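# Reading the structure
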Amino acid sequence: MIELAWLIPMLPFTGAVINGFFGSRMPKKTVGLIACLVMAGAFIISSSLFIKILSLPVDQRSIEVTYFTWIASGAFHLDIGFLIDPLSTLMIMVVTGVGLLIHIYSVGYMHEDKGFWRYFAYLNLFVFFMLMLVLGGNYLVMFLGWEGVGLCSFLLIGFWYEKKSASDAGKKAFVVNRIGDFGFVLGLFLLFWTLSSHGVTSLDYKTVFASLHHIDTATITVITLLLFVGATGKSAQLPLYVWLPDAMEGPTPVSALIHAATMVTAGVYMIARNNALYAMAPISGEVVAVVGICTALFAATIGLVQNDIKKVLAYSTVSQLGYMFAAVGLGAYTAGVFHLMTHAFFKGLMFLGSGSVIHAMGGEQDMRKMGGLHKHMKITSVTFIIGALAIAGMPPFSGFWSKDEILWEAFEKGHTIIWAMGLLTAFLTAFYMFRQVFMTFTGECRADRHTQEHLHESPKIMTVPLIILAILAAAGGIVGISFFEEGTAAHHFLSPVFEQGGHAAANVGGHVAQNGEALHGGMEAILMAVSVAAGLCGIFLAGLLYYAPLKKYAPSFWRPEVIAAAFKPVYALLYNKYYVDEMYDHIIVNPIKRFCGWCLSFDLGIIDGIVNGAAWTTRLWAWLLHKFDIYIIDGVINSAATFTGYNSGFWRRLQTGRLQNYALIFVIGLLIIVGSALLG
Amino acid sequence: MLETLNINLTAILPEILLTALALCVMALDLIMRRGASRLVLGYLSIIGLLIILPVSCVSVIDGAFYGGMVKADGFSAYFNAIFIIAAIFTILISMDYLKRVNINKGEYYYIVLFATLGMMVMAASNDLVNLYVGLELMALSFYVLVAIRTASSKSVEAALKYFVLGALSSGVLLYGISFTYGVAGTTNFTEIAFQARRVTILDPYLLLAIVFIIVGFSFKIALFPFHLWSPDTYEGAPTPIAALLSVGSKAAAFAAFMRVFLVALPVYQPHWSRIFWGLSAATMLYGSVVAISQKNIVRMLAYSSIAHAGIIMIGFLVTSDMGAAGVMYYLLVYAFMNIGAFTVVTLFIRSSGRGESIRDYRGLAVRHPWLAFVMSIFLVSLAGIPPTGGFTAKFFILSSAINAQYYWLAVIGVVSTAISLFFYAKVIFYMYLSEPDALTEGTAGGAAGGADRDLPIMSSATCNIVLVAAAVGTVLLGIYPTPFIDMAIKAVKPFFLT
């Protein structure tokens, strides 16, 4: 099975090529079929690869495959190859599995779009790059994927480029990601530069990780921080998260696949992959964790007051990514990757559900104009609620296990503040998620009559992926339940990858079990209860505000309008997303624009003058030489001939002895060279 | 100390097969009925060349044969591959071209084969006399090919110019060869090198011989100021032949240069590299600057080709394995990108003369997006922009110059490349950003007028094969150069052992 690994990214790539070049001339059915078939193929190979890895003994589960040498320059070798280990197989399972479902869903969702083929070409291309990112066996292949998914994200956010807001959002995502990538590239350069000064000229993960002892702590701290800058851009963390909410301008399945399930988690994957580096730089780990948990809380508060169904999900994504970073920052890599997986399920599900809602509402995204949709679309509503229960951390849904594990790791490692912030975030998450559920699916429909008449459940091609994802969101936590004393199935599977990081950070499940299971077991149960209680609290408070049957029990001050009025400044602050976009505009964007304006005038006035002058000189020179050719060389004998026009010039010049001139020049050239050779 | 007459048929197997092929085609042409289409001869030639290509790649044998006259080393195999690829491409585009200009002559095909044979003999020779025979075989074939459009006085004029000046250059070259024989007492490269190492002071007659040999081959490469024939000849010749001239005959002359100067006369490197320095610098600047003001696309490509020759020269004169391998790699890339560009130009050419002006390319992207796309690949590569082969090739050449501390030459190379961007980009600009010129469309066609508005570009299957192959080759050599540059380095390693 290992030999077929190259097919996993190449299949989506083939799909992208076929649809990209010939899609415009093929019927939509064929385009959709090709896109889904290549994904199905990739998923089947990924699954068998996953099973194959499971069947191997634990110490043989990391396999390097090299396909060919791309650049070989002296000692420096750059291979195109994959690293197949538990982490990458888990990632490709998520990418191809969730990706396949979203592709199928898209066939229904996009069926009326005239850019159908373009959409699937981009989507397949995205999957290709994402798979390169997670499968790559060295930093360069990862970087190739890293940049590639950024490109596809840009293309898909601005998919409806006729809409100004969409193309602006695409641009914003691109520019913000560039800032992050700048740090990322610097980190890679610094890593390579430092290692090569110790004679290590490879970018393979295994070689790099094996030679980390050459690097001192300060350098590695800088490297890991720079890499993390890249992650904050790609994974929408403070302070570079601003592009993700805007990215909701893209088609909803794109938001589900790229901006919830896969691409935005690339930063988490990258840190998990580099756990050996982060283990050597405790300060970086702290920074990652603190930035992560602050983002989680920060985004959750914004999510409280958003009215756009997709914006709520977007901020919730930023917030959940914050959880993952908190986890990997604390060295709880398994917990982080586990949450990455469950999040892909439930957030993918909720985005697709919101897409189904938007589809039914005829493009409307404002929750204030929704309500009572449960009556019309039962499957969407039930599956969405399952997703909401999962993200709110209700047992036994998947989100409960993964979130609980992150909180437990934080507490167990003594980071009580992070734990408390995480708990608060969990409470807020439950609140805004159920605010969304109640506003959208319960009560009276607030849409206009025309829209109400057209309310309908989405076609099967969209609901079936919803159901499958709902099952995964409900049961996906199973791998996280402690069946064994020595840790959960997820730990068991992933921990070998994190061994290097694990030794330093002492995070693996087995380690926890060693330190007196009874006490910890008890403590863990109490914490679980606390976080479930926080979640329930959030759901209940949201219900009092927005759920009709509960509303009547609410005290008179507990109404959305009243609260908003009472805390007007806070509400305005949250509603306007802390004015971060305005602040960025004011502090960064506008000064840059002014600077650009100034540069432009400088450019127009002075540089262009110089350039034009240089161009003019060159042209003059060219002109002179050209004239030299025409007049001096050709026209010594009959210069008048050249003036009689282009065509006649040919014949005249032949008759006027142009050939002799050529010969003359030839001989003169020869004599000059002979002279200079003999004299020199 | 004459070597024994070392006869080995395998060593010259590619040449034998090619001769047989050419004779076969010639015989068939005589047997065939007068009016019958000669296209079948073209196909036969291509099939034959496709068989010879792998044969020439594997028939690599150590040592010199036939009294030390012939070598069958990796160097000649590499060049043979370039020649054969160029010949295949040329024949493929010729078949379509000949149909369009109403020429139905079988000799076209076998003379192309003879020209190719001449190039192969040049690359494989280890003796000045043998080298000269190859050169003349190639040159005589080309004189005929340039003149093959006997009905066109332009074609005849071009051939006459090429012939007279070619004869002059041959004379100079022969003069140089005889001087060499007079001083060294031999025409064999290995023995000349042996003599030269014994007598360390440079005999002034030998210096004269060196200059004459340089000038003789500079004519074929079209180095300034011996380039004057080339724009006229390219313009007048059938366009596919111009493509073969600019790729094949240049590559052959470079092969000859490398054999003569790196094998026979490495001792006098300081003397000859100075001459080449000047020729190279002048050629680069002259070619790229004059190309700017060209209005005819074939003339522009002719000057561009002159500039490229100047840059390739750098790799040769620095006298390092890296540089020499860079020359070979550059010529390989050049075969793909230049013939690719000439193919697009060929598709444009009408017997009415329309389609030769750069302005005719306006709005091509709208009318023929595929042609505009591949043309852009070739032009981008010619301009030396990544990720194309043109970039990697320039990179190898210029880095070899810097390694050998020829900083000024590298600077001139970069400057000339920067200037050249101007005229390559102009064509891309016309194709993508200009509206098609309704006036030229209508009037320049003359009597044919609106009827053949879209006629100039009938993309044929054979041309499309060349376009795809050349584009793929150009890009592939850009992103994955390693095996090809490794092969070249391996091929030139023996030159630098002594």
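Before reading on, note that the structure itself is shown above.
Summarised in this report is the structure supplied together with it. Just so you know, the residues in each chain are numbered from 1, in the order the chain's sequence is written. Key to labels: chains lettered from A, ligands numbered from 1, both in the order written. Two thresholds apply to this predicted model, a pLDDT of at least 70 for residue-level local features and 80 or more for giving and counting side-chain atom pairs, whereas whole-chain, interface and lining totals are computed over all residues. As a rule here, side-chain values cover all heavy atoms of the structure and leave hydrogens and water aside.

## What to know about the overall build of chain A
- Helix and strand definitions here come from DSSP, where helices need a minimum of 4 consecutive H or I residues and strands a minimum of 2 consecutive E residues; each element is numbered from the N-terminal end. For chain A, the helix and strand inventory stands at 30 helices and two strands.
- Here the term buried applies to any residue with accessible area under 20% of the maximum for its type, exposed to any over 50%, and partly exposed to those in between, with areas from a 1.4 Å probe on protein chains only. Considering chain A as a whole, with its 680 residues, one finds that 56% of them fall into the buried category.
- Accessibility throughout is a Shrake-Rupley quantity obtained with a 1.4 Å probe, and a residue counts as covered only by protein chains that appear here. Carbon together with sulfur atoms contributes 71% to the accessible area of chain A, which is approximately 27,600 Å² in total.

## Examining the overall build of chain B
- Along the backbone of chain B there are 20 helices and two strands.
- Burial analysis of chain B (498 residues in total) assigns 65% to the buried set.
- Note on definitions: a residue-residue contact is assigned when non-hydrogen atoms from the two residues lie within 4.5 Å. Taking all contacts inside chain B whose residues are at least 6 apart in sequence as the whole, residues at least 24 apart take part in 82%.
- Summing over all exposed atoms, chain B offers an accessible surface of approximately 16,900 Å²; the carbon and sulfur share of this is 71%.

## Quick word on the interface of chain B and chain A
- Counting residues at the interface gives 38 residues for chain B and 30 residues for chain A.
- Accessible area that two parts lose when put together, evaluated with a 1.4 Å probe and summed over both, is termed the buried area. Between chain B and chain A, roughly 3,000 Å² of surface is buried when both sides are summed, and carbon and sulfur atoms account for 78% of that area.
- By salt bridge we mean one thing: a side-chain nitrogen of Lys or Arg within 4 Å of a carboxyl oxygen of Asp or Glu. Applying the counting rule to chain B against chain A returns zero salt bridges.
- In the analysis that follows, any N or O atom pair within 3.5 Å is treated as a polar contact, provided that within protein one partner can donate a hydrogen and the other can accept it, and provided that, for residues neighboring in sequence, both atoms belong to side chains. Inspection of the region where chain B meets chain A yields one residue pair in polar contact (both at pLDDT 80 or more).
- Elements with a contribution of two residues or more to the side of chain B that touches chain A: α6 (153-184), α8 (204-221), α9 (229-236), α11 (269-292) and α12 (297-317) of chain B.
- Here the side of chain B that touches chain A takes ten residues from α6(B), the largest share from any one element.

## Let's talk about the side chain of Ser106(A)
Residue and element names in this part refer to chain A.
- Within the fold, Ser106 resides in helix α3 (residues 86-109).
- Among the polar contacts listed, one links the side chain of Ser106 to the side chain of Tyr119, at a separation of 2.9 Å.
- Among residues more than four places away in sequence, those in contact with Ser106 are His111, Tyr119, Phe120, Leu123 and Pro253.

## Some remarks on the pattern of salt bridges
- Enumeration over the complete set of coordinates arrives at 19 salt bridges over all chains.
- Where Lys172(A) meets Asp581(A), a salt bridge forms, and the shortest distance between an N and an O atom there is 2.9 Å. Pair noted here: Lys172(A) is in helix α6 (residues 164-196) and Asp581(A) is in helix α28 (residues 580-643), with a separation of 409 residues, a long-range link.
- A relative accessible area of 21% means that Lys172(A) is categorised as partly exposed.
- Note that Lys161(B) and Asp232(B) form a salt bridge whose closest N and O atoms lie 2.7 Å from each other. Within this pair, whereas Lys161(B) is found in helix α6, its partner Asp232(B) is found in helix α9, the two being separated by 71 residues in sequence.

## Quick word on the packing of aromatic side chains
- A pair of Phe, Tyr and Trp rings is counted when the ring centres sit within 6.5 Å of each other, with Trp represented by its six-membered ring. The angle between the planes then sorts it: under 30 degrees is stacked, over 60 is edge-to-face, the rest tilted. Considering all chains together, one arrives at 60 aromatic pairs over all chains under this definition.
- For the ring pair Phe219(B) and Trp229(B), a centre distance of 5.1 Å and an interplane angle of 35° mean the geometry is tilted. Of the two residues, Phe219(B) is situated in helix α8 and Trp229(B) in helix α9; the sequence distance between them amounts to ten residues.
- Here Phe219(B) falls in the buried class, since its relative accessible area comes to 0%.
- One Lys or Arg, Arg118(A), reaches over the ring of Phe159(A) and ends 4.3 Å from the middle of that ring.
- Between the NZ or CZ atom of Arg178(A) and the centre of the ring of Phe174(A), over which it lies, the distance is 4.6 Å. Counted as over-ring charges are cases with an Arg CZ or a Lys NZ within 6 Å of the ring centre that also lie within 35 degrees of the ring normal.

## Topic: the layout of surface pockets
- Estimated volume of the second largest pocket: approximately 1,000 Å³.
- Cavities and pockets were defined on a 1 Å grid built from protein atoms only: a cavity is a group of points that admits a 1.4 Å probe but offers it no way out, a pocket is an open group of points flanked by protein on both sides within 12 Å along at least five of seven lines, and a lining residue is one with an atom within 4 Å of any such point. Lining the second largest pocket are 29 residues, and of these Met10(A), Phe13(A), Phe128(A), Leu144(A) and Ile479(B) lie nearest its centre.
- Residue composition of the lining of the second largest pocket, by class: 27 nonpolar, one polar and one charged. Grid points are joined across faces, edges and corners, and a volume is the space filled by probe spheres set on the points. In the scheme used here, Gly and all other residues not listed as nonpolar or charged are polar, with Ala, Val, Leu, Ile, Met, Phe, Trp, Tyr, Cys and Pro taken as nonpolar and Asp, Glu, Lys and Arg as charged.

## Side note on the environment of Ala474(A)
All names here are of chain A.
- Tracing the backbone shows Ala474 in helix α20 (residues 460-475).
- With relative accessibility at 24%, the residue Ala474 sits in the partly exposed group.
- Counting along the chain gives 87 residues from Ala474 to Gly387, while the straight-line C-alpha distance between them is 7.6 Å.
- With near-sequence residues (within four places) excluded, Ala474 lies in contact with Ile386, Pro396, Phe397 and Ser398.

## Quick word on a nonpolar patch on the surface
Residue and element names in this part refer to chain B.
- A grouping of Trp370, Phe373, Phe429, Tyr432, Leu433, Val468, Val472 and Leu476 is seen on the molecular surface, where their side chains present a nonpolar patch of about 780 Å² in accessible area.
- When contributions to the nonpolar patch are tallied by element, the ones reaching two or more residues are α15 (369-382), α17 (407-433) and α19 (461-479).
- Counting through the fold element by element, Phe429 comes out in helix α17.
- With relative accessibility at 45%, the residue Phe429 sits in the partly exposed group. Patch definition: residues above 30% relative accessible area lacking any salt bridge, with like charges linked at up to 9 Å and the nonpolar side chains Val, Leu, Ile, Met, Phe, Trp and Tyr linked at up to 5 Å.

## Digging into the environment of Gly393(A)
All names here are of chain A.
- Position of Gly393 relative to the elements: it lies in the loop between α16 (378-391) and α17 (398-412).
- Owing to a relative accessible area of 6%, Gly393 belongs among the buried residues under this scheme.
- Along the chain, Gly393 and Thr429 lie 36 residues apart, while their C-alpha atoms are 9.0 Å from each other.
- Among all residues touching Gly393, those that are not within four sequence positions of it are Gly399, Phe400, Lys403 and Val532.

## Some details on the nonpolar core
- In this structure, Phe79(B) and Phe261(B) are the most contacted members of the largest nonpolar core, which totals 202 residues.
- For this core, the element with the most residues is helix α13 (residues 321-348) of chain B, which contributes 20 residues.
- Filtering out sequence-adjacent residues up to four positions away, Phe79(B) remains in contact with Ala123(B), Ala251(B), Ala255(B), Met258(B), Met328(B) and Leu331(B).
- Here, nonpolar core refers to any group of buried Ala, Val, Leu, Ile, Met, Phe, Trp, Tyr and Cys residues whose side-chain atoms link them within 4.5 Å. With 189 residues, the next largest nonpolar core counts Trp146(A), Val200(A), Ile309(A) and Phe434(A) among its residues.

## Examining the pairing of strand β1 (residues 61-65) of chain B
Residues and elements named next belong to chain B.
- Between any two strands, at least two bridges found by DSSP are needed for them to pair. Relative to strand β2 (residues 70-72), β1 is paired through three bridges, and the arrangement is antiparallel. Residue Ala64 lies in a different strand from β2, and its bridge partner there is Lys71.
- What sits between β1 and β2 in their antiparallel hairpin is a turn of four residues, with Tyr66 showing a positive phi close to 55°.

In short, the description is geometric, and any link to function would need to be established separately.
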